[in-house]
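# Geometric and topological summary
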Amino acid sequence: MASNNELENRLDQGIYGTPQLKPDEQRHYLGTFRERVALTLDFEEVKNSDYLERVRKELVQHPEYQLLINGDVPASSFSALIRISRQTNTKFETVANSTSSAQTELAAVIPSPDTALNIEDVDVAHK
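Below or above, wherever it landed, is the structure these notes cover. (Residues numbered from 1 in each chain as written. Predicted model: local features only at pLDDT ≥ 70, side-chain atom pairs only at ≥ 80, totals over all residues. Heavy atoms only, no water.)

Moving on, we get to the nonpolar core. One broad rule of soluble globular proteins: the nonpolar side chains tend to lie buried together. In terms of nonpolar packing, the biggest core is built from 19 residues, with Leu-41, Leu-52, Val-55, Leu-81 and Ile-110 touching the most fellow members. If you list the elements that add at least two residues to this core, you get strand 1 (37-42), helix 3 (49-61), strand 2 (67-70), helix 4 (75-87) and strand 4 (106-111). The contact partners of Val-55, leaving out residues within four places of it in the chain, are Leu-39, Leu-41, Ile-84 and Ile-110. (Core = buried A, V, L, I, M, F, W, Y, C linked by side-chain atoms within 4.5 Å. Buried < 20%, exposed > 50% of the residue type's maximum accessible area, 1.4 Å probe, protein only. Helix = DSSP H or I, 4+ residues; strand = E, 2+ residues; numbered from the N terminus. Contact = heavy atoms within 4.5 Å.)

Structure representation (structure tokens):
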């Protein structure tokens, strides 16, 4: 027989869904954890060709990485990121939800899909 706590937890999960680990962090890093991030670009940095070249180099050096793109990125920058993804044969994903722009200033994130990298400074401007 299930205890009242177990029953209450099951009801909460049915109503609110499965609890997420670090939901604010995942929203900020476009659906991934900070520990997996290799490189980030904000909305100004994504317009800079030098920074886009740094993205390309990072993806060439690490073909296992992914490219997460905020759905609110302007079309010209979005096209440039997709072009880099295709040139480097990198998997990309557009993160487009109603809370993405409200929760983050990041335009693009390059994470490792399943490995913690624990890189201290991931801002493209500092690399």
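Once you've had a look at it, read on.
Turning our attention to the environment of Lys-47. With respect to the element layout, Lys-47 can be found in the loop between strand 1 and helix 3. Look at Lys-47 and you get exposed, because its relative accessible area is 52%. A C-alpha to C-alpha distance of 9.0 Å links Lys-47 and Pro-74, two positions 27 residues apart in sequence.

Summarising burial for strand 4: six of the six residues are buried, a large majority. In terms of strand pairing, strand 1 meets strand 4 through five bridges, oriented antiparallel. When the sheet's bridge partners are listed, Val-37 is paired in strand 4 with Pro-111. Here strand 2 pairs with strand 4 via two bridges, running antiparallel. Each bridged residue has a counterpart across the sheet, and for Leu-68 the counterpart in strand 4 is Val-109. (Pairing = 2+ DSSP bridges.)

In this section: the packing of helix 3 against helix 4. As a packed pair, helix 3 and helix 4 sit with axes 10 Å apart at the nearest point and diverge in direction by 25°. Relative to helix 4, the element helix 3 is oriented roughly parallel. Of the two elements, helix 3 crosses helix 4, and the hand of that crossing is right-handed. On helix 4, the residues that touch Leu-52, Val-55, Arg-56 and Leu-59 of helix 3 are Ala-80, Leu-81, Ile-84 and Gln-87. (Axes fitted to C-alpha atoms, helices over the stretch in contact; angles between N-to-C directions. Parallel < 35°, antiparallel > 145°, perpendicular 65-115°, else oblique. Left-handed = near helix turned anticlockwise from the far one by under 90°.)

Interpretation note: all reported values are geometric properties and have no functional meaning in isolation.
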